[in-house]
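Now for the letters of each chain:
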Amino acid sequence: MPSIKSKHLIRIQDLTNDEIYAVLENAATFKEINERPIKKLPTLRGRTIINLFLEPSTRTRSSFELAEKRLSADSLNFSASSSATVKGESLLDTAETFDAMKVDMVVARHKYGGYCNILADHMDAKIVNGGDGIHQHPTQTLLDLFTIYEHFGRIEGLTVGIVGDIYHSRVAGSLAPALASLGATPIFIAPPAYQPDVPEELGAQVAYTLDEVLPELDVVNLLRIQGERAQGLYVPSLREYSALYGMNSHRMNNLMKKDAIILHPGPMNRGVEVTAEVIADPRMLVLDQVNAGVAVRMAVMYMMLGGDGDVE
Amino acid sequence: MPSIKSKHLIRIQDLTNDEIYAVLENAATFKEINERPIKKLPTLRGRTIINLFLEPSTRTRSSFELAEKRLSADSLNFSASSSATVKGESLLDTAETFDAMKVDMVVARHKYGGYCNILADHMDAKIVNGGDGIHQHPTQTLLDLFTIYEHFGRIEGLTVGIVGDIYHSRVAGSLAPALASLGATPIFIAPPAYQPDVPEELGAQVAYTLDEVLPELDVVNLLRIQGERAQGLYVPSLREYSALYGMNSHRMNNLMKKDAIILHPGPMNRGVEVTAEVIADPRMLVLDQVNAGVAVRMAVMYMMLGGDGDVE
Amino acid sequence: MPSIKSKHLIRIQDLTNDEIYAVLENAATFKEINERPIKKLPTLRGRTIINLFLEPSTRTRSSFELAEKRLSADSLNFSASSSATVKGESLLDTAETFDAMKVDMVVARHKYGGYCNILADHMDAKIVNGGDGIHQHPTQTLLDLFTIYEHFGRIEGLTVGIVGDIYHSRVAGSLAPALASLGATPIFIAPPAYQPDVPEELGAQVAYTLDEVLPELDVVNLLRIQGERAQGLYVPSLREYSALYGMNSHRMNNLMKKDAIILHPGPMNRGVEVTAEVIADPRMLVLDQVNAGVAVRMAVMYMMLGGDGDVE
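Summarised in this report is the structure supplied together with it. (Residues numbered from 1 in each chain as written. Chains lettered and ligands numbered in written order. Predicted model: local features only at pLDDT ≥ 70, side-chain atom pairs only at ≥ 80, totals over all residues. Heavy atoms only, no water.)

## Re the relation of the copies chain C and chain B
In step 1: For the pair chain C and chain B, the superposition axis carries a translation of 0.0 Å, the fit reaches an RMSD of 0.0 Å, and the rotation angle comes to 120 degrees. Given the turn and translation reported, the copies of this chain are related as if by a three-fold rotation axis. (Least-squares fit on C-alpha atoms with pLDDT ≥ 70 in both.)

## Quick word on the interface of chain C and chain B
In step 1: Listed by partner, the interface residues are 25 residues for chain C and 23 residues for chain B.
In step 2: Taking both sides of the interface into account, the surface hidden between chain C and chain B amounts to around 2200 Å²; carbon and sulfur atoms contribute 54%.
In step 3: If you sort the residues of chain C by the area they bury against chain B, Leu76, Met101 and Lys102 of chain C come out on top, with a joint share of 26%.
In step 4: In this assembly, chain C and chain B are joined by four salt bridges.
In step 5: Between Asp93 of chain C and Arg270 of chain B there is a salt bridge whose closest N-O contact spans 2.9 Å.
In step 6: Seen at the junction of chain C and chain B, the total is 11 residue pairs in polar contact (both at pLDDT 80 or more). (Contact = heavy atoms within 4.5 Å. Buried area = accessible area lost by both parts, 1.4 Å probe. Salt bridge = Lys/Arg side-chain N within 4 Å of Asp/Glu carboxyl O. Polar contact = N/O pair within 3.5 Å; in protein donor to acceptor, adjacent residues only side chain to side chain.)

## Quick word on the packing of aromatic side chains
In step 1: With the rule as written, the count across this model stands at 15 aromatic pairs over all chains.
In step 2: Each ring, one from Phe30 of chain C and one from Tyr302 of chain C, has its centre 5.5 Å from the other, and the planes form 75 degrees; the classification is edge-to-face. Of this pair, Phe30 of chain C sits in helix 1 (residues 17-33) while Tyr302 of chain C sits in helix 13 (residues 286-304), and the two are 272 residues apart along the sequence.
In step 3: On the basis of relative accessibility, which here comes to 0%, the residue Phe30 of chain C falls in the buried class.
In step 4: What makes Tyr302 of chain C buried here is its relative accessible area of 2%.
In step 5: One aromatic cluster is present, built from ring pairs that chain together Tyr194, Tyr241 and Tyr245 of chain A.
In step 6: When the ring centre of Phe78 of chain C is taken as origin, the NZ or CZ atom of Arg61 of chain B, which lies over that ring, is 5.6 Å away. (Phe/Tyr/Trp six-rings, centres within 6.5 Å; stacked < 30°, edge-to-face > 60°. Helix = DSSP H or I, 4+ residues; strand = E, 2+ residues; numbered from the N terminus. Buried < 20%, exposed > 50% of the residue type's maximum accessible area, 1.4 Å probe, protein only. Lys NZ or Arg CZ within 6 Å of the ring centre and 35° of its normal.)

## Things to note about the pairing of strand 4 (residues 126-132) of chain C
Residue and element names in this part refer to chain C.
In step 1: Across the seven residues that make up strand 4, a large majority, six, are buried.
In step 2: Where strand 3 (residues 105-110) lies against strand 4, five bridges are found, and the strand directions are parallel. In the sheet register, Val106 faces strand 4, and the bridge partner there is Ile127.
In step 3: Handedness of the strand 3-helix 5 (residues 115-122)-strand 4 crossover: right-handed. (Pairing = 2+ DSSP bridges. Right-handed = clockwise from strand over helix to strand, strands pointing away.)

## Here's the deal with helix 2 (residues 59-70) of chain C
Residues and elements named next belong to chain C.
In step 1: Helix length check: helix 2 (12 residues) gives 16 Å between terminal C-alpha atoms against 16 Å at 1.5 Å per residue, within 8%.
In step 2: With 12 of 12 residues buried, helix 2 lies mostly within the body of the structure.
In step 3: Of the residues making up helix 2, those classed as buried are Arg59, Thr60, Arg61, Ser62, Ser63, Phe64, Glu65, Leu66, Ala67, Glu68, Lys69 and Arg70.
In step 4: Looking one or two residues beyond helix 2, the residue adopting positive phi is Ser72, at roughly 70 degrees. (Expected span 1.5 Å × (residues − 1).)

## Describing the side chain of Glu273 of chain C
All names here are of chain C.
In step 1: As for its position among the elements, Glu273 is in the loop between strand 9 (261-263) and helix 12 (276-280).
In step 2: For the buried Glu273, no salt bridge is present, and the opposite-charge side chain at shortest range is Arg224, 5.1 Å distant.
In step 3: In this structure the side chain of Glu273 is engaged in a polar contact, spanning 3.1 Å, whose partner is the backbone nitrogen of Asn269.
In step 4: When neighbours within four sequence positions are excluded, Glu273 is seen to be in contact with Leu222, Leu223, Arg224, Ile225, Tyr241, Gly246, Met247, His264, Pro267 and Met268. (Lys, Arg positive; Asp, Glu negative; His and termini not counted.)

## Here we look at the packing of helix 1 of chain C against helix 6 (residues 138-152) of chain C
Residues and elements named next belong to chain C.
In step 1: Two numbers describe how helix 1 lies on helix 6: the axes approach to 10 Å, and their chain directions differ by 75 degrees. Our classification of the angle between helix 1 and helix 6 gives roughly perpendicular. Contacts between helix 1 and helix 6 involve Ile20, Tyr21, Val23, Leu24, Ala27, Ala28 and Lys31 from the former and Leu142, Leu145, Phe146, Tyr149 and Glu150 from the latter. (Axes fitted to C-alpha atoms, helices over the stretch in contact; angles between N-to-C directions. Parallel < 35°, antiparallel > 145°, perpendicular 65-115°, else oblique.)

## Describing the environment of Ser57 of chain C
Residues and elements named next belong to chain C.
In step 1: Position of Ser57 among the secondary structure elements: in the loop between strand 1 (48-53) and helix 2.
In step 2: Ser57 sits in the buried class, given a relative accessible area of 18%.
In step 3: For the pair formed by Ser57 and Arg109, sequence separation is 52 residues and the distance between their alpha carbons is 8.7 Å.
In step 4: In terms of polar contacts, Ser57 uses its side chain to reach the backbone amide nitrogen of Thr60, at 3.4 Å.

## Quick word on unusual backbone geometry
In step 1: Following Gly266 of chain A, the chain continues into Pro267 of chain A via a peptide bond in cis, with omega recorded as -10 degrees.
In step 2: Turning to its location among the elements, Pro267 of chain A is positioned in the loop between strand 9 (261-263) and helix 12 (276-280).
In step 3: Although it is not a glycine, Ser72 of chain C sits at a positive phi angle of roughly 70 degrees.

## Points about the interface of chain B and chain A
In step 1: Contacts between chain B and chain A engage 25 residues on the former and 23 residues on the latter.
In step 2: Approximately 2200 Å² of surface area, both sides summed, lies buried where chain B meets chain A, with 55% of it carried by carbon and sulfur atoms.
In step 3: Per-residue buried area on chain B facing chain A is highest for Leu76, Met101 and Lys102 of chain B; these three make up 26% of the total on that side.
In step 4: Our count for the contact surface shared by chain B and chain A stands at four salt bridges.
In step 5: When the shortest N-O distance is used, the salt bridge between Lys40 of chain A and Asp74 of chain B registers 2.6 Å.
In step 6: Here chain B and chain A share 11 residue pairs in polar contact (both at pLDDT 80 or more) between them.
In step 7: At the level of elements, strand 2 (74-79), helix 3 (83-86) and helix 4 (91-100) of chain B are the ones that each hand at least two residues to the side of chain B that touches chain A.
In step 8: Sorting elements by how many residues they give to the side of chain B that touches chain A places helix 4 of chain B first, with six residues.
In step 9: Of the residues assigned to the side of chain B that touches chain A, the class counts are eight nonpolar, eight polar and nine charged. (Nonpolar A, V, L, I, M, F, W, Y, C, P; charged D, E, K, R; others polar.)

Here is the structure:
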């Protein structure tokens with residue numbers, strides 16, 4: 001069984017390129033298992049995994065939970081409503097408490113970017129970042145990479161546009177460096193207010209209009225316009241955003257490469273960053289991404305917790 | 001293993017009479033298994049079932065959840081508090097997301113009557129209606145039928161009074177047509193404002209006072225007075241309702257047949273539709289219904305998901 | 001397999017001294033199992049356990065839930081947000097409903113002290129008190145006793161100070177009588193307003209200042225200052241409380257016995273009843289208590305539900 005050297009998966013940089021490809025390969029096997037009537041492996045029987053989601057999440061949490069159950073782990077959910085965990089002061093106590101309960105892994109989502117590192121500093125348990133603040137979302141990156149790799153058979157050499165509010169996106173913060181490290185070319189496509197301060201640190205090029213670079217893109221990754229995290233840094237209106245950066249039939253059919261693909265981390269704002277026509281097009285792979293999500297999370301947990309035996 | 005032909009169980013009419021009797025027969029076996037110390041079958045190991053309850057529910061949700069766990073399925077809960085699922089716009093995306101995660105079955109409760117049909121139209125997963133708006137609640141009907149059949153050894157030929165707010169009841173909307181189809185005689189007993197617009201479409205006769213028909217009834221099914229769904233269509237007062245339609249010792253001992261039984265979908269409003277004395281009487285079978293609920297839900301899921309092997 | 005004679009565990013007095021020691025012995029085995037990579041026993045496979053927590057709780061609920069999962073029970077969570085269960089009127093119906101679903105055990109937490117007794121009176125299921133109002137919290141007592149016994153190799157003859165709001169503490173109400181029964185000497189250390197009305201009924205001595213008795217104590221059990229349950233019965237200020245009754249470096253290093261230990265039921269209010277320096281000291285065993293919590297709960301459920309076979 002190939003394993004992951006880093007104890008935690010907090011940043012995508014915790015994985016080497018070889019480990020990323022090993023995750024993708026294992027995920028392909030898990031994806032196939034997820035097609036079976038009996039989607040169940042005994043691999044993580046008796047391991048305890050806590051889903052500590054202190055920010056609301058539907059698809060990410062359920063994706064992790066399904067992955068855990070299909071690997072036979074014992075999983076426990078914690079949400080923001082559980083009062084003792086939300087008081088900032090007791091973050092440390094919460095971490096030490098779960099550790100004393102002999103939890104093997106914590107999947108954590110929190111609006112504060114350094115949350116997972118604090119957990120990692122104070123716990124024996126392994127930490128998987130389920131999306132922290134505006135920094136990183138490594139399993140989202142892995143499912144994006146899986147979807148790209150599955151479609152093109154390669155990642156190297158591809159040009160990947162990441163369109164939208166890069167500044168506030170935990171998706172972009174993980175994906176761009178991974179793409180750059182694997183030999184692809186990430187381009188941030190956004191108005192200046194949505195661009196990160198130092199894009200080159202993330203290994204990305206920068207463009208200010210979508211139409212200018214769309215013809216070069218192999219992958220168009222549309223970010224969700226996230227009002228809740230933007231804190232006032234907006235383009236003048238959603239209508240203007242949509243006109244300049246939204247993916248619509250015109251752009252898809254006239255400007256985009258015929259064999260390019262479109263990704264979106266979901267949930268989509270129909271009519272803002274993407275139109276219903278684009279969603280219905282076979283080149284829009286948002287559901288393949290969701291499907292890949294369960295598989296890559298199974299692969300990550302399998303490789304990090306060192307389950308017994310082979311994946312069959 | 002007998003199976004159910006319809007892919008989904010949204011309306012009770014999705015089942016043929018033969019299938020209804022097959023559910024009752026399997027449920028009898030599951031009921032007996034539920035009496036054992038070890039209430040567990042490997043039948044649905046590796047199947048994924050989502051409980052998507054967008055309306056609060058205590059007993060129905062826990063009944064389904066127990067049924068799923070006792071059949072060894074992997075089950076996930078979704079409630080209204082999970083914000084992404086409650087926005088009306090994302091209903092479709094939620095359905096497609098769960099489908100992409102390779103969910104085998106969705107048990108859904110929603111205040112909107114057509115919710116399950118929308119899910120069915122957009123999902124590969126099988127849909128079980130856990131009670132939708134004011135229309136249907138097919139597994140409640142199956143547990144009512146089980147309780148009647150277990151007590152009388154037959155359903156055909158029985159006269160079943162359904163007492164209360166028929167208009168707003170999802171219980172009555174499923175039960176009456178099933179009874180009619182199985183050769184029983186359902187009678188809606190309610191003031192005019194609580195009667196449905198076209199009772200004969202549901203296969204039911206109509207009566208406006210309880211005392212008038214009580215002596216003919218084999219089964220008295222008391223509906224819960226549901227303030228939350230009634231939206232102003234009330235009888236003048238709860239006291240008056242209770243006086244005219246409530247089940248009390250006087251009615252039970254003097255007007256009701258000696259060997260009739262009393263049902264209630266729960267939770268009961270003591271002192272409104274039923275008095276404490278009636279609840280304590282052995283002819284009140286509300287707890288038998290709860291017990292039957294887990295068993296018929298096990299039977300339905302077993303038959304719909306085509307578990308391997310026999311029930312032992 | 002040693003078993004527990006009382007059907008329910010509502011008060012610590014439901015256990016004989018021999019049974020308490022048997023719980024501690026079994027817990028030692030479970031503690032060791034919890035150190036293994038595969039923390040899973042088939043002991044309670046097919047048993048149904050409901051966690052009915054009608055008061056918020058993080059660590060107690062998750063401790064029970066982990067214990068249940070590691071023993072392979074099917075467990076269901078109920079919280080205060082599930083509306084039907086919180087209406088006082090339906091408490092009885094809720095109990096009877098779960099019973100009709102053939103639940104084997106209910107772990108209940110409620111702010112009303114007599115809640116577990118009502119459940120016990122109306123259910124076939126076995127009841128475990130997960131902390132009720134201001135009266136009892138028997139599994140907390142068992143984990144305290146485990147921690148003391150593990151450290152000293154005995155309980156008899158030890159002097160145990162219980163410091164803080166004894167009056168409103170469910171911790172003190174269970175622990176003091178158990179200590180007294182096992183031959184230890186419990187001392188309540190608190191200002192008069194925090195002392196119980198009849199401390200001798202709980203088998204405890206009384207002291208009004210910490211410094212006076214600290215040199216005699218083998219165990220210093222610090223209670224959490226629980227604003228939420230105190231209802232106005234306060235010491236003048238938290239600062240004064242801390243000065244008079246808080247555990248700090250000075251007290252720990254100059255007044256406390258060198259080989260005494262410090263306990264706390266958690267979560268701790270840093271800077272109120274305990275300082276950061278004390279928390280960091282190896283004699284503060286709060287995390288050992290958390291660890292023991294899962295083990296004693298496994299032992300209690302194992303012994304009460306009469307699992308098959310031996311613990312291996």
